[in-house]
Amino acid sequence: MNKFRKNYLSKWQLYLFLLIPVVHVLIFAYYPMLGAQIAFRRYDLLAGIWYSPWVGWANFERLFNLPIFTQILSNTLLLAFYSLIAGFPLPIILALLLNAFPFLRLKKTFQTVSYMPHFISIAVVVGMTMQLFSPRVGGVGNLYFMLTGELMPNIFASANLFPHIFVWQQVWQTLGWSSIIYIAALSSVDPELHEAAQLDGASRFKRVLHIDYPSILPTVVIMLVLAAGQIMNVSFDRAFLMQNPLNIARSEVISTYVYKVGMVFGIGDFSFATAIGLFNSVINFTLLAFVNVLSGKISGTRLW
């Protein structure tokens with residue numbers, strides 16, 4: 001205790017600076033968690049959170065007995081794992097390819113161009129996609145008509161095509177930006193390792209495989225663990241903007257249903273919406289903890 005007091009008194013200015021972000025996190029991150037108790041109450045707007053009647057697990061029982069619960073859960077899991085399988089390896093591959101590219105100016109140009117979609121609003125990207133694939137006025141639609149003499153089917157009206165459109169549109173928008181952290185990790189690779197490998201006759205591909213990739217493997221593992229903790233957070237904006245009555249069988253996910261229950265249906269069932277959101281968060285946390293332990297046992301790298 002005396003050691004801590006002595007250390008605190010000698011560096012009190014640093015602790016004072018630290019106090020600002022700590023208070024910010026407590027107020028805006030931890031204090032709002034008290035609102036999660038709405039999931040266990042029948043929330044009354046006039047009574048407030050603390051005086052609304054307690055109903056225990058009733059909202060969760062209602063969720064599990066919901067006729068479309070299986071459908072929205074399976075849709076969410078499908079989009080989540082599809083996005084992870086398609087979107088997680090590609091930034092790593094892009095970073096490795098860019099790092100191995102010999103022409104510096106062209107490499108920088110391609111790198112900058114690949115970042116640009118990240119700065120475009122999701123609403124704009126969805127609008128661009130709808131315009132591009134429009135059967136009558138879209139570029140792809142016109143090309144299809146020129147080749148076949150028939151109007152292209154409306155892909156946004158197909159429930160089976162929705163997961164593919166959703167995932168690959170997201171991959172296109174986030175690919176370049178997601179590769180930044182791997183490019184930064186590759187910049188710390190010792191050039192002498194490559195020089196030694198070249199003297200031993202290793203090809204560029206073998207150097208990528210045996211030097212570059214192992215060097216960024218700890219970063220890859222950490223990013224995978226973090227991605228697992230967000231796996232149920234399917235992009236609400238993208239799903240909601242592309243949703244229509246014809247594809248809703250595949251496009252209705254947990255986040256869009258929570259929004260409709262809480263805001264759109266007219267009932268304002270905040271307790272039920274909070275219960276769904278809490279259920280979603282518990283799954284995310286469970287997956288995060290499981291993947292973290294698994295990665296620690298397999299690779300020795302873990303978050304905690």
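What counts and what doesn't
- Residues numbered from 1 in each chain as written.
- Predicted model: local features only at pLDDT ≥ 70, side-chain atom pairs only at ≥ 80, totals over all residues.
- Heavy atoms only, no water.
- Core = buried A, V, L, I, M, F, W, Y, C linked by side-chain atoms within 4.5 Å.
- Buried < 20%, exposed > 50% of the residue type's maximum accessible area, 1.4 Å probe, protein only.
- Helix = DSSP H or I, 4+ residues; strand = E, 2+ residues; numbered from the N terminus.
- Contact = heavy atoms within 4.5 Å.
- Axes fitted to C-alpha atoms, helices over the stretch in contact; angles between N-to-C directions.
- Parallel < 35°, antiparallel > 145°, perpendicular 65-115°, else oblique.
- pLDDT = per-residue confidence, 0-100.
- Phe/Tyr/Trp six-rings, centres within 6.5 Å; stacked < 30°, edge-to-face > 60°.
- Lys NZ or Arg CZ within 6 Å of the ring centre and 35° of its normal.

**Quick word on the nonpolar core**
Here is step 1 of the chain: With 30 residues, the main nonpolar core has Phe166, Met242, Tyr257 and Phe272 as its most contacted residues.
Here is step 2 of the chain: Of all the elements in the fold, those that place two or more residues in this core are helix 4 (69–87), helix 9 (162–178), helix 13 (236–242), helix 15 (254–264) and helix 16 (270–299).
Here is step 3 of the chain: Of the residues forming this core, the biggest block, seven residues, is contributed by helix 4.
Here is step 4 of the chain: Setting aside chain neighbours within four positions, we find Phe166 in contact with Leu79, Ser83, Val234, Ser235, Arg238, Ala239 and Met242.
Here is step 5 of the chain: Counting 17 residues, the second-largest nonpolar core is a separate cluster that includes Leu96, Val189, Val208 and Ile216.

**Notes on the packing of helix 4 against helix 5 (residues 89–100)**
Here is step 1 of the chain: Running from N to C, helix 4 and helix 5 cross one another at 15°; their axes reach a closest spacing of 5 Å. Comparing their axes, helix 5 and helix 4 come out roughly parallel. Residues Leu84, Ile85, Ala86 and Gly87 of helix 4 touch helix 5, and the partners they reach there are Pro89, Leu90 and Pro91.

**As for the confidence of the model for the chain**
Here is step 1 of the chain: Predicted confidence across the chain gives a mean pLDDT of 88, with 98% of residues reaching 70 or more.
Here is step 2 of the chain: Within the chain, helix 9 carries the highest mean pLDDT (94), whereas helix 1 (residues 2–10) carries the lowest (71).

**Side note on the packing of aromatic side chains**
Here is step 1 of the chain: Scanning all chains against the criterion turns up 15 aromatic pairs.
Here is step 2 of the chain: Between Phe40 and Trp57 the ring centres are 5.4 Å apart and the planes differ by 85°, which places this aromatic pair in the edge-to-face class. Here Phe40 is found in the loop between helix 2 (12–30) and helix 3 (58–64), whereas its partner Trp57 is found in the loop between helix 2 and helix 3, with 17 residues between them in sequence.
Here is step 3 of the chain: Exposure remark for Phe40: the relative accessible area of 18% places this residue in the buried category.
Here is step 4 of the chain: An aromatic cluster is present here, built from Phe40, Trp54, Trp57 and Phe60 joined pairwise through their rings.
Here is step 5 of the chain: Its end group placed over the ring of Phe272, Arg62 keeps NZ or CZ at 4.0 Å from the ring centre.

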